[in-house]
Amino acid sequence: MPLESCMILLDNSEFMRNGDYIPTRLEAQSDAANMIVNQKTQSNPESTVGVIAMSSSGPSSGAELLVSPTDDLGKILTALHGVPFCGEMGRNGKDAVDIAASVQVATLALKHRRNKNGAQRIVLFVGSPLTCAEARSFVKAGKQLKKNNVFIDVIAMGELGENEPKLKELVDAANGSSANEEGAERNCHLVTIPAGVLPSDVLITSPIFRGDAAPMGGDMGGAAAGAGGGGGDAFAEYGGVDPNMDPELAMALRVSMEEERARQERVSAAAEESNQEEKSGDDEDAAAAPSNNAESME
């Protein structure tokens, strides 16, 4: 993969406490971001990654730069796993996260990076509803990214019906009008994560993780449809990390993924057993009803 400087924008609003992604949106987001960081730093040792939390506890409650673009994996991972919940839910008629402002902060961080070589990219996670922001603000932000030669990949987790159209406007604007031509390559992507699915399982088969350009229209549903299909990545079972380069990290990621799958299977089995017990109880009640009626008639 070519040299690249990347900023990862994390949604850490109170909406990320939601448990529709196991165990919570915030922790599922953290696992996916960790996988992306390892993939980018392993693919090119000169690539750099920075981290931004889109909600902060300060007076502005806006985006907070946690770490500037760096190749120090320790700093990056510390920033990823130390993100607290911040921001109020729908405060003062505003969204819990300001996407346009956060993207602007990320663009400035990339502009002032130490190594000016290589491509610039933003990876944006969104799990909070974007109720108040207008679509035109996303179009404006996308055009600004295009002007500054910054690519953007958007990962939507939750609130998909409300957020997806606006996020698509952002990605389409960042790709530019030429991307609308049939067969044209798109360097910016939108991937939606269905509820209950591990984001890492979806991303590992998506253009965001593979780092290739998708044909028009191929970024929205293709990744979600391919989730769990395994397939194309040689190191998928190790979380995308080459075990020959870092065997300890690869094994740790593999064990973590296996434990997560086992936990999901247990939860699914427990839910199915509960449903069967409820159904059995309803059948017994239905069978007892005729006999009770007969006794009352006697």
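Structure first, text after, so check above.
Computed from a predicted model, the values in this text were never measured in an experiment. (Residues numbered from 1 in each chain as written. Predicted model: local features only at pLDDT ≥ 70, side-chain atom pairs only at ≥ 80, totals over all residues. Heavy atoms only, no water.)

### Description of the pairing of strand β7 (residues 189–193)
Reasoning step 1: With 5 of 5 residues buried, β7 is to be regarded as a mostly interior element.
Reasoning step 2: What you see with β7 is no split at all: His 189, Val 191 and Ile 193 on one side and Leu 190 and Thr 192 on the other are buried throughout.
Reasoning step 3: As paired strands, strand β5 (residues 150–157) and β7 are joined by 5 bridges and run parallel to one another. Paired with Ile 155 across the strands is Val 191, a residue of β7. (Buried < 20%, exposed > 50% of the residue type's maximum accessible area, 1.4 Å probe, protein only. Helix = DSSP H or I, 4+ residues; strand = E, 2+ residues; numbered from the N terminus. Pairing = 2+ DSSP bridges.)

### Structural notes on the side chain of Thr 70
Reasoning step 1: Considering the arrangement of structural elements, one finds Thr 70 in strand β3 (residues 64–70).
Reasoning step 2: Using a relative accessible area of 8% as the deciding quantity, one classes Thr 70 as buried.

### Some details on helix α3 (residues 99–111)
Reasoning step 1: With 13 residues, α3 extends 18 Å from end C-alpha to end C-alpha; this agrees with the ideal 18 Å at 1.5 Å per step.
Reasoning step 2: The complete set of buried residues in α3 reads Ile 99, Ser 102, Val 103, Ala 106, Thr 107, Ala 109 and Leu 110. Projected onto a plane normal to the axis of α3, the buried residues spread over an arc of 160° and lie on a single side. Facing away from the buried side of α3 by over 90 degrees, the exposed positions are Gln 104 and Lys 111.
Reasoning step 3: With a side-chain oxygen positioned 3.3 Å from the backbone nitrogen of Ala 100, the residue opening α3 is Asp 98. (Expected span 1.5 Å × (residues − 1). Arc of directions from axis to C-beta. Polar contact = N/O pair within 3.5 Å; in protein donor to acceptor, adjacent residues only side chain to side chain.)

### Examining the nonpolar core
Reasoning step 1: Ranked by size, the top nonpolar core spans 29 residues in total, and within it Ile 8, Leu 10, Ile 36, Phe 125, Ile 155 and Leu 203 carry the most contacts.
Reasoning step 2: Residue contributions to this core peak at 6 residues, all from helix α1 (residues 25–43).
Reasoning step 3: Once residues lying within four places of it in the same chain are set aside, the contact partners of Phe 125 are Ile 8, Leu 9, Leu 10, Asp 11, Gln 29, Ala 32, Ala 33, Ile 36, Met 54, Ile 155 and Met 157.
Reasoning step 4: Within the second largest apolar cluster, 27 residues are counted, among which are Leu 9, Val 97, Val 103 and Val 126. (Core = buried A, V, L, I, M, F, W, Y, C linked by side-chain atoms within 4.5 Å. Contact = heavy atoms within 4.5 Å.)

### A few points about the packing of aromatic side chains
Reasoning step 1: Evaluation of the coordinates by the stated rule reveals 0 aromatic pairs.
Reasoning step 2: Residue placement shows Arg 17 over the ring face of Phe 85; its charged tip is 4.0 Å from the ring centre. (Phe/Tyr/Trp six-rings, centres within 6.5 Å; stacked < 30°, edge-to-face > 60°. Lys NZ or Arg CZ within 6 Å of the ring centre and 35° of its normal.)

### Thoughts on helix α5 (residues 160–175)
Three- or four-residue spacings in an α-helix give side chains the same orientation, since the helix completes a turn every 3.6 residues.
Reasoning step 1: Compared with an ideal rise of 1.5 Å per residue, which puts 16 residues at 22 Å, α5 spans 21 Å between its outermost C-alpha atoms and is within 8% of the ideal.
Reasoning step 2: Those residues of α5 that are buried lie in contact with α3, β4 (119–126), α4 (135–147), β5, β6 (185–186) and β7.
Reasoning step 3: Positive phi appears at Gly 176, one or two residues downstream of α5, with a value of about 90°.

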